[in-house]
Amino acid sequence: MNASSLPLFYSDIVAAPGLEIVLNEETSRHLSQVLRMQAGERIELSDGEGMCILAELTVSNKRNSVVRVLESRITERLKRKIIIGISPLKNTGRFEWFLEKATELGIHSIQPLICKRTEKTYFRAERFRSIIVSAMLQSRQYFLPQLLEPIKPDQLKIDSASCCLIAHCGEGEKQLLSSVVL
């Protein structure tokens, strides 16, 4: 079976070939009850930091399935580090959609910004992280974007080697994105 056709799951536990990993309850339930996978079947795991692990299911149950690591490899991240700053939207569903699409595009980090007109300041970090993990797995990416804590725009730290682009609807002259050399 081709590795890219294997189901991909997130695990923050990484192990060397030959060792076993006990999967969390959510992943175990999905493997045993949704996919109905049995011992001997193979899956892929990613730690969200570029590690890709090929593993074989040794114990399949809904609370704590166990896999044996067959092989592991590191995938390389793109050289360009793209960080998007965005103000949380009033409509949480739209902000969640943004997180999903940014993850699918391979964004490095997402910086929520509390701006002058930000209406929604309650930040559901665990819920948003769960959406990002799901989008990472759905798009078969091996890097989990970093979801940073919300800050005010004047707290942004941008180094001199970075290109900072700000989309806004305020008054003043606008520059087309296509005119900026990226």
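In what follows, the structure referred to is the one given above.
Residues numbered from 1 in each chain as written. Predicted model: local features only at pLDDT ≥ 70, side-chain atom pairs only at ≥ 80, totals over all residues. Heavy atoms only, no water.

A. Examining the overall build of the chain more closely. A tally of helices and strands in the chain yields three helices and eight strands. Of the regular secondary structure in the chain, the N- to C-terminal order runs β-β-α-β-β-β-β-α-β-α-β. Every one of the 182 residues in the chain was classed for burial, and the buried ones make up 36%. For the chain, long-range pairs separated by at least 24 residues make up 66% of all intrachain contacts whose partners lie at least 6 apart in sequence. By element, 51% of the accessible surface of the chain is carried by carbon and sulfur atoms, the whole surface being about 12,200 Å². (Helix = DSSP H or I, 4+ residues; strand = E, 2+ residues; numbered from the N terminus. Buried < 20%, exposed > 50% of the residue type's maximum accessible area, 1.4 Å probe, protein only. Contact = heavy atoms within 4.5 Å. Areas by Shrake-Rupley, 256 points an atom, 1.4 Å probe, with all protein chains shown as cover.)

B. Region of interest: the pattern of salt bridges. Under the criterion given, the structure shown has six salt bridges. In this structure, E44 engages R140 in a salt bridge whose closest nitrogen and oxygen atoms are separated by 2.3 Å. With E44 in strand β3 (residues 42–46) and R140 in the loop between α3 (125–138) and β8 (146–147), this residue pair connects regions lying 96 residues apart in the sequence. When its relative accessible area of 2% is taken as the criterion, E44 is described as buried. Take R140: its relative accessible area is 28%, and that puts it in the partly exposed class. (Salt bridge = Lys/Arg side-chain N within 4 Å of Asp/Glu carboxyl O.)

C. The arrangement of the layout of surface pockets in detail. The volume enclosed by the second largest pocket comes to roughly 540 Å³. Along the walls of the second largest pocket sit 20 residues, with E26, T27, V133, S134 and L137 positioned nearest its centre. When residues of the lining of the second largest pocket are traced back to their parent elements, those giving at least two are β1 (8–10), α1 (25–34) and α3. Per-element accounting of the lining of the second largest pocket gives the leading share, seven residues, to α3. (1 Å grid on protein atoms, 1.4 Å probe; cavity = no way out; pocket = protein on both sides within 12 Å on 5 of 7 lines; lining within 4 Å. Points joined across faces, edges and corners; volume = space filled by probe spheres on them.)

D. Expanded view of the nonpolar core. In terms of nonpolar packing, the biggest core is built from 19 residues, with Y10, F95, F98, L99, I110, L137 and L144 touching the most fellow members. Looking at this core, the elements that each hand over two or more residues are β1, α2 (92–104) and α3. The leading source of residues in this core is α3, at six residues. Counting residues in each nonpolar core, the second largest holds 14 residues, with A15, I21, I43 and A55 among its members. (Core = buried A, V, L, I, M, F, W, Y, C linked by side-chain atoms within 4.5 Å.)

E. Expanded view of the pairing of strand β6 (residues 83–86). Of the pairings in the sheet, the one linking β6 to strand β7 (residues 109–112) comprises four bridges and is parallel in character. In the sheet register, I84 faces β7, and the bridge partner there is I110. With α2 bridging β6 and the parallel β7, this β-α-β connection has right-handed handedness. (Pairing = 2+ DSSP bridges. Right-handed = clockwise from strand over helix to strand, strands pointing away.)

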